4 protein chains.
Amino acid sequence: MFEKLNEIKVFRDPIHSYVKVEYKIIWDCINAREFQRLRRVRQLGGAFIVYHTAEHSRFSHSLGVYEIVRQLVSENREIHNALSEYDRLTVMLAGLLHDLGHGPYSHSFEAVTGISHEQITGRIILEDSEIHRILANGSPSLAKDVASVIDKTHPNQILSQLVSGQLDADRMDYLLRDAYFTGTTYGEFDMARILRTLQIREGKLTVKESGIHSVEDYIMARYHMYWQVYYHPVARSYEAILHAMFRRYRELLELGHESIFAPMDPFMKNEEVSLEAHYQLDESCCNYGMGLFTQCGDPILRDLADRLVNRHLFGYQDVESEEDVMLMQKKVEEAGLDPRYYLLEDTASQQPYVPYHKDKENFVYVLCSDGAVRELSKCSVIVSALLNAEDKKDYKMYFPKELD
Amino acid sequence: MFEKLNEIKVFRDPIHSYVKVEYKIIWDCINAREFQRLRRVRQLGGAFIVYHTAEHSRFSHSLGVYEIVRQLVSENREIHNALSEYDRLTVMLAGLLHDLGHGPYSHSFEAVTGISHEQITGRIILEDSEIHRILANGSPSLAKDVASVIDKTHPNQILSQLVSGQLDADRMDYLLRDAYFTGTTYGEFDMARILRTLQIREGKLTVKESGIHSVEDYIMARYHMYWQVYYHPVARSYEAILHAMFRRYRELLELGHESIFAPMDPFMKNEEVSLEAHYQLDESCCNYGMGLFTQCGDPILRDLADRLVNRHLFGYQDVESEEDVMLMQKKVEEAGLDPRYYLLEDTASQQPYVPYHKDKENFVYVLCSDGAVRELSKCSVIVSALLNAEDKKDYKMYFPKELD
Amino acid sequence: MFEKLNEIKVFRDPIHSYVKVEYKIIWDCINAREFQRLRRVRQLGGAFIVYHTAEHSRFSHSLGVYEIVRQLVSENREIHNALSEYDRLTVMLAGLLHDLGHGPYSHSFEAVTGISHEQITGRIILEDSEIHRILANGSPSLAKDVASVIDKTHPNQILSQLVSGQLDADRMDYLLRDAYFTGTTYGEFDMARILRTLQIREGKLTVKESGIHSVEDYIMARYHMYWQVYYHPVARSYEAILHAMFRRYRELLELGHESIFAPMDPFMKNEEVSLEAHYQLDESCCNYGMGLFTQCGDPILRDLADRLVNRHLFGYQDVESEEDVMLMQKKVEEAGLDPRYYLLEDTASQQPYVPYHKDKENFVYVLCSDGAVRELSKCSVIVSALLNAEDKKDYKMYFPKELD
Amino acid sequence: MFEKLNEIKVFRDPIHSYVKVEYKIIWDCINAREFQRLRRVRQLGGAFIVYHTAEHSRFSHSLGVYEIVRQLVSENREIHNALSEYDRLTVMLAGLLHDLGHGPYSHSFEAVTGISHEQITGRIILEDSEIHRILANGSPSLAKDVASVIDKTHPNQILSQLVSGQLDADRMDYLLRDAYFTGTTYGEFDMARILRTLQIREGKLTVKESGIHSVEDYIMARYHMYWQVYYHPVARSYEAILHAMFRRYRELLELGHESIFAPMDPFMKNEEVSLEAHYQLDESCCNYGMGLFTQCGDPILRDLADRLVNRHLFGYQDVESEEDVMLMQKKVEEAGLDPRYYLLEDTASQQPYVPYHKDKENFVYVLCSDGAVRELSKCSVIVSALLNAEDKKDYKMYFPKELD
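Residues numbered from 1 in each chain as written. Chains lettered and ligands numbered in written order. Predicted model: local features only at pLDDT ≥ 70, side-chain atom pairs only at ≥ 80, totals over all residues.

1. Side note on the packing of helix H5 (residues 85-97) of chain A against helix H10 (residues 157-164) of chain A
All names here are of chain A.
Reasoning step 1: Their axes nearest at 9 Å, the elements H5 and H10 cross at an angle of 35°. The element H5 and its partner H10 pack so that their crossing is right-handed. The segment H5 lies against H10, with Asp87, Thr90, Val91, Ala94 and Gly95 engaging Leu159, Leu162 and Val163.
Reasoning step 2: Residues belonging to the contact of H5 with H10 are distributed by class as follows: 5 nonpolar, 2 polar and 1 charged. (Axes fitted to C-alpha atoms, helices over the stretch in contact; angles between N-to-C directions. Helix = DSSP H or I, 4+ residues; strand = E, 2+ residues; numbered from the N terminus. Left-handed = near helix turned anticlockwise from the far one by under 90°. Contact = placed C-beta atoms within 7 Å. Nonpolar A, V, L, I, M, F, W, Y, C, P; charged D, E, K, R; others polar.)

The structure is reproduced here in C-alpha cells:
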C-alpha cells in the first residue's frame, strides 16, 4: 500500500485541465531535482523557430503523460481492474519519468555524442539519484520495474504499451500539447473517447470498435503534425545547423583545439558521462555555450552558432538527383566554404512517414462488435489505405541562402 | 511610402490565429538580432513555477502587441482614417519594439541593478543597433518617433495610448496570452469587440457605449489575472528569492569577493552597461550563472540559487502586525540564518490592486449613445463600484519552510 | 440500492464533454415521454431572434444540470460522503427533472395564463405520468422527495441548494450553455474549480477560500449574460409582442370570439389544465397556432403574430419620464392603434440586476483559510462592491418602428 | 453599384465569430419572410436524436455559407480581383439563398413527395416572393443569375464552385457548424488556411500547395462527420421511421382516407405545390401534424408517429445476406406487423462513403510550387490512398426492438 497525500494536489494544465496527484511518491518524484530539471529542456527542438510559441518544456509533457496514464489506470474500469495497485503505480511512474534523460536539443546532440536519452533515463532511475532514492523508499523493486516498463523489458507488455506503444500516453500527450503550443489544429483528436474505449483483451491492448474513428483521427493527427510541425523545412534547417555546430565543436576538440565550453566537453569524447555532467548541461547551459561559440576563434563554429542565435538559417532545395547535390557542392566550394558544414542533407529515409507502424509488437488491435480481436487495418478502410500508400519522401539539402 | 512585401508574411499564433506582416520594415525588425533575442527572455517571471506551462517568451508577446496595433490601425476604419501611413507604421513599430529592453527576470533583476528595461529599450532604438539602422533607413525621423511613442513623449498621445494606455494593445495581448499559456480562463475577454468599438473622439481614445460590457469584462480579467497568476504567493516566493540572490551577489562583489559570473557583473556596479552586455545577458545566460552560483563558496548565494534551480522555495505567512515579522525574525536568527536573505517581506503597497487606474491621462472614455463623451465609471455600474472598493492588500513574509 | 446499468451510458455534450448515466432509473426518466417532450421546448425565449444560434432546448439543459449534480455528488468527495445513496439519487433526479413543466415561451405565456411551470413540474412528478411511475417503482417515497427538493421544501436544504440556490447546477449549466450557443464569451467561468472547492460546513454549502476568484468570475458572468443576452432590447421586444399576442387571444376568447387554435384554449381560462393539454402544447404546437393567428380575422392578433413569425419587431426607446410614454401613447392612438397592444412597457423593476441575491437562505458562504465560515461579501472586495452598487435600471417602451 | 449600409451590420456567430453584412440587398434578403422561415427548419434531420444539442437551424447555416463566400470574395485578394462587384454580390447571394427551398425533414420528406428543395429554391428566387422582389430591385438580371449559380448553369463555373463544389462554402460551413453543435471534434479543420490558399488558375479553383494538409484534414473531417454523425445508425433509424410515416400517410390518402393534417396534403399528391403551401409547412407545422398522427385512427400511422415523438425508435442489425432480411421479415409478419412499415432497409449504396468525389467537374486542383496545376490526388499521398480504398458499406435493417 502506497501512501496517499492528505488532499489531492493539482497542477493547472491547458491540455488536461488538471494534472492530479494522489500518491505521495508521485509528488516526491515531481519535486526531485532530476525532474525539475526538465523545466529547462524544451519539448520541441527547432520547431519554435517556425512556430514561435512552441516554447513548452519536457516538464509539462512529462506531467501530461503521467496524467493520461493516471486516467487510464484509474478511470477506465477494465484497465483499472486488470492491474494491481503496485502495477498501476509502476506505470504512472514510468509515464512521469520516461523522458528524464533528455538533454538540450536531443535530436541533434545525441546524433553527435552517441549518448541516447534512453540510456540516461535508465541510469537516473537505477543509479544514485534523488529519484532513485524516492523509488527505492517506496518499494525495493520499484526502480527496476519502472525502468523496465520504460525500456520495454517488463514481463507485462501492456504496461509498456500504455506508456509508449501505438495508442500510448506519450504520443497522445505530445500531439495534443504540441498542437496547443504551436497554435495549429492539426494535432487534435478525441482523446477522451480513445481512453474510454481502450480495453485489455487476449493479453493485448485493444480498442473497442466504437472507438475506431477516434483512432483514425489520431493517426491522421500524427501524420499532419509530423509534416506540418516536426518535419517543417525551416525547423529541419535549424536542426541541421545545430548538428553541424556540435559536429564542428567535436572535431575542433579532436583536432586538439582548446575547450571553449567545458560543460559540453565530456559529451564529445565517446566516454560515459557522469550524471552530474548530464544534470548541468540543460538547455540554458547549452545556449550559454552557443553564445560563447559566437565569439570564438574558429570561423566555422562561430558562424554556425551565430546563425542559430540570430536566426540566419540556411535556405533549402529539394534534391531530385545526386547531380543537384554535386552542383550545389561546387557552388559551396567556390564560395570558399567547407561543404561538410555548409551543405547539409536531410533525406526522407531518416524521417520516414509512418502514420501507423506495422511491426508485430506495435499492432493496434480492435475488439470488434462480434467479439473477435482484429488488427486495426482489418477494420478500418482508412488505415488499410494508408498502409498501402507509398512513402512520402522529402529529400532536401540545406546551404547558405546567398548561394541560391 | 514604405515598401511592402511581395506577399503578406504570417506567423501562426494561438492568440490571434495569425500575425500578419505587410511592410518590409516590420519584417526586417523582426529578423534583427535585438528582436530575436526576445526569444530568450520569458514573458512571466516566477509564474512558470506555479503554472508549469507559462513558458512563453517576450518574443511572442511582442508579435502579439504588434498584431493588435495592426488590426486597430488597419481594420478599425475610424482609427485608420485618423492616422497617416507614417503614424500607422510608427505605432505598429512601437507595439513591436516596446519590450526590446527586457532582460532576464526583469522584475527582480531591475530592482537590484536599478537599470530599467524602458531605458534600454530607448537606447536600442536610438543608439547603434540593427534595429536602429533599419528604422533610420526607413525614414530619418522614425527611430525618434517610435521611441517617443514608447516613452509617451510623442505629441500625438493617441499613439501612445494604443500601445500602452488603458485599453491598450500591450495589456490586451498579455492578458489573453498569459491566460492561454497558464491554462486559466480568467484572462479571457472579447477583444474583437473592444477593437471594433474603439473610436477617436474629442482627441481621446473612446469606446462606443455598446462596447462597455466588453470593457468591464476586460477590467475583471485584469483583476483576476493579477491575483490568480501574477500575485500568486508561490510566484512571489520565487521572485523574492530571486531578488535576494541578486542582492547577495551584488553585496559579495561590493565586499570585494571575486566574480563568479562575469556577464552579470557590469549590471551590479551602478554604471551604465553597454548594449553588448545587455544582449549577452539573456535568460539562458542568467540561468547558467545561477547554475554556477549553486556551486560557489558563499553559503547564502549557493543556497538561494539552489532553492531556485531545484524549486525548494520559501514558505509564507500573512503579516497581520509588525509583531508577526519580529517573531519570525527571531526564529530566523535562532536558526543561524541572516534575516536580510531569509526573511523576505512583500507588502501590498508594492503590488496594489488597480483594476482601473484613475489618473487623468489614463481615463477610459465612453462615447455614449447620446453623443456625449464620458469617463467610464460614469457609465458603468460595475466600474463605478470597483473604484469605490477598498484596496485588496496582501502583506506576506517569506522564509524557509522548516521554520514554520 | 438502486439498479445500475450494465455499462455507463453517455451523451456527447459540448458543455460537459459527456453526460454520464450510471443508474437505470435516470436512464428510464430520460426516455420517458414527459422528458423527451423537453426536446420541443427551447431554452431561451426571444434570444434566438438576436443570437441566431441560440436554438437549444430545455432537454439539453436538463441533461446538463443533471450532469453537474452528478459530478458534485460523485466526484466531490466531501459532498459524496455527506449524502446517502438515496439522497444522491434524489438530488440527481431533481436536477434532471426540475424543468419538466416548462411550456413554450414560458416567460410570456405564464404571465398571461397564470399557470407556472413550477406547478406543472410538481404535478408531473406527483400525479400519474411515466415519470411518476418510474420514480414510484424505484422507491415509494422517491417522487415526493424529488418534488420537495425542486420546490425547496425538502428537510435537507443542501439538496435544494445544489440544484438551485446560489452556486447551483441550474445556473451554472444555463450560463455556460447559453454562452456556448449564443457564441458569446460572457458566460464563461471556471466551473470545474467551483465544483472542486464546494464543501458542506456548518450545515451550509460553502466554497473554499481558494475558489473565491472563480465565484467572482461566475457572478460577473451572470451579470454579463443578463445584460448582453437575456435583457437584450431586441429579445425583450420579441417577448413583449409575444405577451401582447397571448393577451389578445385570451381577450378575444373572453369576448366570446370563437377558438382559433384549440390546444391553446384551456390555458386561457383560468382553470386547471390537464397534463395531457400541457404535453400537447409544446413549442412546435404553439408555433403552428401562431401560424394560424397570422391568417385569422382579428387584425390585432393577426398583426402581432405576423410580426413574430416574420420578424417585424417593435422599435424601442428609453423611458426617462412618464411624459415620454404619454407622448408616444398619443402617437399610437393617432395612428389608429390600440396602445394596450402597440405600446408595451418593460421596466427595470421587473428585471432587476442582482448579481448576487442577498437574502438569508441564499447566501454564499466561504470557508476561510482560518477555518471560519463567512458570507461571501465579507471575503470578496468585488462582491462587496457590487452589493453596494446602485441598481442598473432599464425602462423601455416598445412600439411599431414606423411611429418613431 | 450596389447600395451599402451606413454601418456594417454583424451577427454574432460561434463558427465565424461574426457574420458581416455590408450591402443593403443582403440585409434585405435576410429580413425577407422566406429567409426568416429557415429559422423554423433544423439543419440536421435525425441527428438531434443522437446528438441532443444538434438543434441548429438552416437559418444559421445559410448565414454561415454567406459569410464564407463573403470572406473569399473580399479578403482573398486573388479571388476578389478576378470577379466584378456584380459577380461578387451574385455569389454572396447564392451562398445566402442556396437552401431557401428546404422544408421539414427534407431527406425523408422529399423521398416521399418527389419534390426537391432545389426546385423550390429556384421557384422562390425566380417567382413572386419577397426575395424575388428584392433581387429584381437590385438589378433586373440578378434573380436569374443567383438562381443559375445555385443550379450550376451559370456560365462562370467558378461562382458555383465557391458555393457548392468540392472546397465549397456550403460544406465548410456545415462541417464546422455541425461539429460545433453536436459537440464532436471530428468536423474541425483549418478553414482560414484553406480560404487563404485558394486561387483561380487556368479557369479553375485551385489550392496552393502549402494548403494541401488543410485540404487533407478537411476531407478526413468530412469522412468522419459522415460516419459519426450523418450516418449514425440511430439517426438513420429515426429517418427510416420518418420516411415510413410519410409513406403511410400518402398511402392512406391514396386509399381514400380522409385528411388528418391538411397542410401536408398538397405534398402527397404528385402535383406542383404552391409556394404558400411550402411556406406554411415548416418544421413546427410538420411536428404539429405528427402530434395529430399520434392520435389518429390508423394503427400504423399512429404507432410510427408515436415512435418518433416519444423516441421509441427501431432497433437495427447489419445485413450480411438476403437471408437475414427474409428471416426478419418472417418475424415481423408473425408479429402481425406489415413489413412495408416495420422492416426498413437502408443500404450502403444509398449512402456511399466518398471522402472526395472523383468526377471531372468536381476535381480539386492544386497549384504546385513548380507552377503546374495538378489534380489533388496526384499531390497527396493521403488522398491518393483514399481514392483507392474500397467503399465502406453499411447495409442495415431496422425493425421494432421487441423482435430482436
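That covers the picture; the talk isn't over yet.
2. Re the interface of chain A and chain B
Interfaces are frequently sized by the accessible area removed from exposure as the parts join.
Reasoning step 1: If you look at the interface, chain A gives 28 residues, while chain B gives 28 residues.
Reasoning step 2: Counting only elements with at least two residues in the side of chain A that touches chain B, the list comes to strand E1 (4-13), helix H2 (33-36), helix H3 (58-75) and helix H16 (283-293) of chain A.
Reasoning step 3: If you tally residues by element for the side of chain A that touches chain B, the top one is H16 of chain A, at 5 residues.
Reasoning step 4: For the side of chain A that touches chain B, a count of residues per class yields 7 nonpolar, 15 polar and 6 charged.

3. Let's talk about the pairing of strand E9 (residues 396-399) of chain C
Residue and element names in this part refer to chain C.
Reasoning step 1: The pairing of strand E5 (residues 315-318) with E9 spans 4 bridges and is antiparallel. Bridged to Asp318 within E9 is Lys396.
Reasoning step 2: In this structure, strand E6 (residues 344-346) lies alongside E9, joined through 3 bridges in antiparallel fashion. Looking across to E9, one finds that Leu344 is bridged to Tyr398. (Pairing = 2+ DSSP bridges.)

4. Points about helix H17 (residues 299-309) of chain C
Residue and element names in this part refer to chain C.
Reasoning step 1: The element H17 is extensively covered by neighbouring structure, given that 8 of its 11 residues are classed as buried.
Reasoning step 2: Among the residues of H17, Ile300, Leu301, Asp303, Leu304, Ala305, Arg307, Leu308 and Val309 are the ones counted as buried.
Reasoning step 3: On the buried face of H17, the contacting elements are helix H14 (233-254), helix H16 (283-293) and helix H19 (339-342). (Buried ≥ 20, exposed ≤ 12 C-beta atoms within 10 Å, placed from the backbone.)

5. Considerations on unusual backbone geometry
All names here are of chain B.
Reasoning step 1: Positioned with a positive phi, Glu202 is a non-glycine residue whose angle comes to about 50°.
Reasoning step 2: If you trace the backbone, Glu202 turns up in the loop between strand E3 (198-201) and strand E4 (204-208).
Reasoning step 3: One non-glycine residue, Arg311, lies in positive phi territory at about 55°.
Reasoning step 4: Inspection of the secondary structure assignment puts Arg311 in the loop between helix H17 (299-309) and strand E5 (315-318).

6. Quick look at the environment of Leu301 of chain D
Residue and element names in this part refer to chain D.
Reasoning step 1: Of note, Leu301 is situated in helix H17 (residues 299-309).
Reasoning step 2: The class of Leu301 is buried, set by 25 C-beta atoms lying within 10 Å.
Reasoning step 3: Contacts of Leu301, omitting those with residues within four sequence positions, involve Met245, Arg248, Tyr249, Leu252, Phe293 and Cys296.

7. Re the interface of chain B and chain C
Reasoning step 1: Chain B puts 18 residues into the contact, and the matching count from chain C is 19 residues.
Reasoning step 2: Residue assignment for the side of chain B that touches chain C shows that the elements contributing at least two residues are helix H13 (212-230) and helix H20 (381-388) of chain B.
Reasoning step 3: Ranked by the residues each element gives to the side of chain B that touches chain C, the list is headed by H13 of chain B, at 6 residues.
Reasoning step 4: Split into classes, the residues belonging to the side of chain B that touches chain C amount to 7 nonpolar, 6 polar and 5 charged.

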